[in-house]
Amino acid sequence: MQNLSTNEEYFIPMEIGGELTGVHLQFTHNKEEMAMVRIRITGSYLGNLSGTLQVTQNGVEGYFVGNQEEMVMNLKKSSDIFNNLSEEWKSCEVEFVYSESDYIPMDWTRTSTK
């Protein structure tokens, strides 16, 4: 069976907190118009922050993992944007996790949505 997903990948340099930070974005879309976004941000101000968000028929689900507790908590506080989504998306499950590890693994090989 043929995989009908399309992928877009971007490496974006950004200035965050007065320092140059690398942002890696990957977007995946499939024929059912489901979408997945992966993000990885590296920089001393933010530490390492990785996340995956997936749009399903019922809503948005995913997680963010970071190795600087303050940044993860600030991101969690600003996550109310997920609660203000369209009425047709009844569910929003996004987790925020702090990990002391300097390296947060991401699976960039997964190219299909659920």
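Data block above holds the structure.
Residues numbered from 1 in each chain as written. Predicted model: local features only at pLDDT ≥ 70, side-chain atom pairs only at ≥ 80, totals over all residues. Heavy atoms only, no water.

1. Observations regarding the overall build of the protein
Along its length, the protein carries one helix and six strands. The order of α-helices and β-strands along the protein, N terminus first, is β-β-β-β-β-α-β. When the 114 residues of the protein are sorted by exposure, 36% land in the buried category. Here the analysis covers contacts within the protein between residues at least 6 apart in sequence; of these, 47% occur between residues at least 24 apart. Summed over all atoms, the accessible surface of the protein reaches about 7500 Å², with 52% contributed by carbon and sulfur. (Helix = DSSP H or I, 4+ residues; strand = E, 2+ residues; numbered from the N terminus. Buried < 20%, exposed > 50% of the residue type's maximum accessible area, 1.4 Å probe, protein only. Contact = heavy atoms within 4.5 Å. Areas by Shrake-Rupley, 256 points an atom, 1.4 Å probe, with all protein chains shown as cover.)

2. Considerations on the packing of aromatic side chains
Tallying each qualifying case throughout the model produces two aromatic pairs. Seen in terms of ring centroids, Tyr10 and Phe27 are 6.0 Å apart; in terms of plane orientation they differ by 70 degrees. Their pairing is edge-to-face. Residue Tyr10 is found in strand β1 (residues 6–16), and its partner Phe27 is found in strand β2 (residues 19–29); the two are separated by 17 residues along the sequence. Note on Phe64 and Phe96: the rings are 5.6 Å apart at their centroids and 10 degrees apart in plane angle, and the pair reads as stacked. (Phe/Tyr/Trp six-rings, centres within 6.5 Å; stacked < 30°, edge-to-face > 60°.)

3. What to know about the nonpolar core
Core analysis: the biggest nonpolar cluster contains 12 residues, these being Val23, Leu25, Ile41, Leu46, Leu49, Leu53, Val60, Phe64, Met71, Val72, Val94 and Phe96. Elements with a contribution of two residues or more to this core: β2, β4 (47–55), β5 (59–66), α1 (69–77) and β6 (91–98). Apart from residues no more than four positions distant in its own chain, Val72 is found in contact with Gly66, Phe96, Val97 and Tyr98. (Core = buried A, V, L, I, M, F, W, Y, C linked by side-chain atoms within 4.5 Å.)

4. Observations regarding a nonpolar patch on the surface
Together, Tyr10, Ile12 and Met14 make up a nonpolar patch on the protein surface, roughly 240 Å² of accessible area in all. The residue Ile12 is located in strand β1 in this model. (Patch = residues over 30% accessible without salt bridge, like charges linked within 9 Å, V, L, I, M, F, W, Y side chains within 5 Å. Salt bridge = Lys/Arg side-chain N within 4 Å of Asp/Glu carboxyl O.)

5. A look at the pairing of β2
Here β1 pairs with β2 via 11 bridges, running antiparallel. Opposite Pro13, over in β2, you have Gly22 as the bridge partner. Of the strand pairs in this sheet, β2 and strand β3 (residues 35–43) are connected by eight bridges, and their pairing is antiparallel. Directly across from Gly22, in β3, lies its bridge partner Thr42. (Pairing = 2+ DSSP bridges.)

6. Observations regarding the environment of Ser50
Summarising the element assignment, Ser50 is placed in strand β4. Sequence separation of Ser50 and Ile39 is 11 residues, and the distance between their C-alpha atoms is 5.6 Å.

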